[in-house]
Amino acid sequence: MTRLKKVRPAGRFALELEWRDGRKQRADLAGLIAASRHFRRFAEHPAEFAEVKAVNWGHGVAWKNGLD
C-alpha cells in the first residue's frame, strides 16, 4: 500500500494528496461534509479545513480539530 507524503487543501472542501511514489490525486470531500454531522463542521468553520495533515505514517489524514 502506498502511503501519503503530503496533503494540503486544494480549493473548497478538496484535498491534494501527494503519495510517496510521486503520484498526486485530488479528493473532493464536499459530499462527505454535506452528509456527515461530524464533518459538517467544516461547512460552518471553513478555515479549519485547511488545518489538515498526513497521520499514521501516511496511512490517513487528520485535522487540528480532531477529525480524521
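Residues numbered from 1 in each chain as written. Predicted model: local features only at pLDDT ≥ 70, side-chain atom pairs only at ≥ 80, totals over all residues. Heavy atoms only, no water.

> Got a sec to walk through unusual backbone geometry? Specific residues and values, please.
For Asn56, which is not glycine, the phi torsion reads 55 degrees and is therefore positive. Structurally, Asn56 can be placed in the loop between strand E4 (52-55) and strand E5 (60-63). Within the chain, Trp57 stands out as a residue other than glycine whose phi angle is a positive 60 degrees. Structurally, Trp57 is set in the loop between E4 and E5. (Helix = DSSP H or I, 4+ residues; strand = E, 2+ residues; numbered from the N terminus.)

> So what's going on with the environment of Lys5? Residues and values would help.
Mapped onto the elements, Lys5 comes out in strand E1 (residues 4-9). Measuring from C-alpha to C-alpha, the distance between Lys5 and His59 comes to 9.5 Å, with 54 residues separating the pair along the chain. Residues in contact with Lys5, not counting those within four places in the same chain, are Glu18, Trp19 and Arg20. (Contact = heavy atoms within 4.5 Å.)

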